[in-house]
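Descriptive analysis of the structure
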Amino acid sequence: QVQLVESGGGLVQPGGSLILSCTLSSNLFRIYTVGWYRQAPGKQRELVAVITGGGNTNYADSVKGRFIISRDNAKNTAYLQMDSLKPEDTAVYSCNAKRLEYDFWGQGTQVTVSS
């Protein structure tokens, strides 16, 4: 059974950093496109960053220059490095892995940016 698990969330002060990770239990991880999404209370889920199997990346304008998405295919893991965090980054962050009709979501991890 394929599973995707996220970790790394927590409480951080404004200006601080966190790194999130997600691991997919599939030996085809390398060909999945991986996206990090976030959803704050009362708001729609938004795409934060995406990385293809070939390493191409895209970011939401709100996080450009602050967040970096990466992947280590040998570890079946994708990462979201978050720097210069702002209170408006507070949300539940979820990882998605997708190829063709296969679409997997993690359980979500809470990121709270507050003094």
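The following refers to the structure shown. (Residues numbered from 1 in each chain as written. Predicted model: local features only at pLDDT ≥ 70, side-chain atom pairs only at ≥ 80, totals over all residues. Heavy atoms only, no water.)

Overview of the state of the cysteines
Following the criterion strictly, the structure yields one disulfide and no others. Note on cysteine connectivity: Cys-22 is disulfide-linked to Cys-95, with sulfurs 2.1 Å apart. You can see Cys-22 sitting in strand S3 (residues 18-24) and its partner Cys-95 sitting in strand S9 (residues 91-99), a full 73 residues away along the chain. Judged by its relative accessible area of 1%, Cys-22 is buried. (Disulfide = S-S within 2.5 Å. Helix = DSSP H or I, 4+ residues; strand = E, 2+ residues; numbered from the N terminus. Buried < 20%, exposed > 50% of the residue type's maximum accessible area, 1.4 Å probe, protein only.)

Points about the pattern of salt bridges
Opposite charge on two side chains permits pairing when their charged atoms draw close. For the structure shown, the criterion picks out four salt bridges. As a salt-bridge pair, Glu-46 and Arg-38 come within 2.7 Å of each other at their nearest N and O atoms. Exposure remark for Arg-38: the relative accessible area of 6% places this residue in the buried category. Between Arg-66 and Asp-89 there is a salt bridge; the shortest N-O distance is 2.7 Å. (Salt bridge = Lys/Arg side-chain N within 4 Å of Asp/Glu carboxyl O.)

So, the sheet that holds S3
Within a beta sheet, neighbouring strands are joined by backbone hydrogen bonds and run either parallel or antiparallel to one another. Pairing is antiparallel across the open sheet formed by four strands, whose spatial order is S1-S3-S8-S7. A single partner strand is all that each edge strand has here, and the edge strands are strand S1 (4-7) and strand S7 (67-72). For this sheet, the mean angle separating the axes of adjacent strands, direction not counted, is 15°. Bridging between S7 and strand S8 (residues 77-82) involves six bridges; their strand directions are antiparallel. When the bridges of S8 are listed, Ile-69 appears paired with Leu-80. (Pairing = 2+ DSSP bridges. Axes fitted to C-alpha atoms, helices over the stretch in contact; angles between N-to-C directions.)

Some words on the side chain of Arg-99
Tracing the backbone through its elements, the reader meets Arg-99 in strand S9. Buried Arg-99, no salt bridge; nearest opposite-charge side chain is Glu-101, N-O distance 6.1 Å. Beyond its immediate sequence surroundings of up to four residues, Arg-99 is in contact with Leu-28, Ile-31 and Tyr-32. (Lys, Arg positive; Asp, Glu negative; His and termini not counted. Contact = heavy atoms within 4.5 Å.)

Focus: the pairing of strand S5 (residues 46-51)
Remember that side chains alternate between the two faces of the sheet whenever the strand is regular. Bridging between strand S4 (residues 33-39) and S5 involves five bridges; their strand directions are antiparallel. Within the sheet, the bridge partner assigned to Gly-35 lies in S5 and is Val-50. The antiparallel hairpin formed by S4 and S5 contains six residues in its connecting segment, where Gly-42 sits at a positive phi of about 80°. Pairing analysis gives three bridges linking S5 to strand S6 (residues 57-59), with the strands arranged antiparallel.

Thoughts on the nonpolar core
Counting residues in hydrophobic clusters, the biggest one holds 29 residues, and the most contacted among them are Val-34, Trp-36, Phe-67, Leu-80, Met-82 and Tyr-93. Elements with a minimum of two residues in this core: S3, S4, S5, S7, S8, S9 and strand S11 (109-113). Not counting residues up to four positions away in its chain, the partners in contact with Leu-80 are Leu-18, Ile-19, Leu-20, Trp-36, Val-48, Ala-49, Phe-67, Ile-68, Ile-69 and Tyr-93. (Core = buried A, V, L, I, M, F, W, Y, C linked by side-chain atoms within 4.5 Å.)

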